[in-house]
Amino acid sequence: MNIDNDAAAVRLVRVWDLPTRVFHWLLAASVVGSVVTAKIGGNALNWHMRLGLLALALLVFRLVWGFVGGHWSRFASFIYSPRRVWAYLRGDAGPDGRFDVGHSPLGALSVFALLLVLIVQVATGLVADDEIATTGPLYRFVESAVSAKATTWHKAVGQYLVIALVVL
């Protein structure tokens, strides 16, 4: 084995384009800021709502960019069949000895889970009512029972799922 030839065969690949990188960092900042401002409460809830709307805009962008963006940003580049996920979990990388550049099959599942949970979290926040001083901007368009269920999800289940997926 010739180390010089192997080193020459390695080439740098930029996986995520600038819009995807900016999306990642802005979404991370908006999620962290949303959690912090929710815990502070009071006047910080104004910032919580602004950051939630930022997260909404970012998620809409990412859903669109997942279909029209660069090759590595498209969802199709990291959707794996259940068979490939199982092979990855068993440590079998397949005939080429590796998985493609970008998200691993398990990483891809994590991405889709986080996107789904964040979409639900933002949607429930849009119709939530804290019964003190803050209501979501779409609260008036839903029944109070729907808002109550959305609020329960948003404050109880959803926030902890988001935190768990971020930590994971």
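The preceding data block contains the structure.
A brief look at the structure comes next. All values reported here derive from a predicted model rather than from experimental measurement.

What follows is about the packing of helix α2 (residues 18-40) against helix α3 (residues 44-68). It is the contact of α2 with α3, at a shortest axis distance of 8 Å, that shows an interaxial angle of 155°. When the axes of α2 and α3 are compared, the pair comes out roughly antiparallel. Here the hand of the crossing between α2 and α3 comes out left-handed. In terms of residue class, the contact of α2 with α3 is made up of 16 nonpolar, seven polar and one charged.

This brings us to the packing of helix α5 (residues 105-126) against helix α6 (residues 144-167). The interhelical angle for the contact between α5 and α6, taken along N-to-C directions, is 155°, at an axis separation of 9 Å. One element, α5, and the other, α6, form an angle in the roughly antiparallel class. Read as a crossing pair, α5 and α6 show a hand that is left-handed. Listed contacts from α6 to Ala113, Leu114, Val117, Leu118, Val120, Gln121, Thr124 and Gly125 of α5 are Ala150, Trp153, His154, Gly158, Gln159, Leu161, Val162, Leu165 and Val166. Its residues assigned to classes, the contact of α5 with α6 comprises eleven nonpolar, six polar and no charged.

Moving on: the packing of aromatic side chains. Any pair of aromatic rings gets described here by the distance separating the centres and the angle formed by the planes. This structure, assessed with the given rule, holds six aromatic pairs. Joined through ring pairs, the aromatic side chains of Phe67, Phe75, Phe78 and Phe112 make up one cluster. The ring of Trp47 carries the charged tip of Arg50 above its face, separated from the ring centre by 4.6 Å.

Turning to the side chain of Ser73, a few remarks are in order. Take Ser73: it is sitting in the loop between α3 and α4 (82-90). Residue Ser73 is classed as buried on the basis of its relative accessible area, which comes to 1%. When sequence neighbours within four positions are dropped, the list of residues in contact with Ser73 reads Trp16, Asp17, Thr20, Arg62, Trp65, Gly66 and Phe78.

Moving on: α3. Along its 25 residues, α3 runs 36 Å from first to last C-alpha, staying within 8% of the 36 Å computed at 1.5 Å per residue. Residues of α3 that are buried include every one of Ala44, Leu45, His48, Leu51, Ala55, Leu58, Leu59, Arg62 and Gly66, and no others. Along its buried surface, α3 packs onto α2, α5 and α6.

A word on the side chain of His154. Checked against the element boundaries, His154 lands in helix α6. Of note is the side chain of His154, whose polar atom sits 2.9 Å from the backbone oxygen of Gln121. If near-sequence neighbours (up to four positions away) are discounted, His154 is found in contact with His48, Gln121, Thr124, Gly125 and Gln159.

Criteria and thresholds
Counting from 1, residues in each chain are numbered in the order their sequence is written. Predicted model: local features are reported for residues with pLDDT of at least 70 only, side-chain atom pairs are reported and counted for 80 or more only, and whole-chain, interface and lining totals are derived from all residues. Here the side-chain values reflect all heavy atoms present in the structure, with hydrogen atoms and water set aside. Comment: axis = line fitted to C-alpha atoms, over the contacting stretch for helices; angle = value between 0 and 180 degrees taken between N-to-C directions. In this description a helix means any DSSP run of H or I spanning at least four residues, a strand means any run of E spanning at least two, and both kinds are numbered starting from the N terminus. Any angle from 65 to 115 degrees is called roughly perpendicular, while one under 35 is roughly parallel, one over 145 is roughly antiparallel, and all others are oblique. Handedness of a helix crossing follows the sense of rotation of the near helix relative to the far helix, less than a right angle counterclockwise being left-handed and clockwise being right-handed. Three classes are used, and their members are as follows: Ala, Val, Leu, Ile, Met, Phe, Trp, Tyr, Cys and Pro are nonpolar, Asp, Glu, Lys and Arg are charged, and the others, Gly among them, are polar. Contacts between residues were defined by any pair of non-hydrogen atoms, one from each residue, lying within 4.5 Å. In this scheme Phe, Tyr and Trp rings, the latter by its six-membered ring, pair at centre separations within 6.5 Å, and the angle between planes marks the pair as stacked below 30 degrees, edge-to-face above 60, and tilted otherwise. Counting as a charge over the ring demands two things of the Lys NZ or Arg CZ atom: a distance within 6 Å of the ring centre and an angle within 35 degrees of the ring normal. Using a 1.4 Å probe on the protein chains alone, a residue whose accessible area is under 20% of its type maximum counts as buried, one over 50% counts as exposed, and one in between counts as partly exposed. Multiplying one less than the number of residues by 1.5 Å gives the expected span of a helix. Two N or O atoms count as a polar contact when they lie within 3.5 Å, although within protein this holds only if one can serve as hydrogen donor and the other as acceptor, and sequence-adjacent residues are included solely when both atoms are side-chain atoms.

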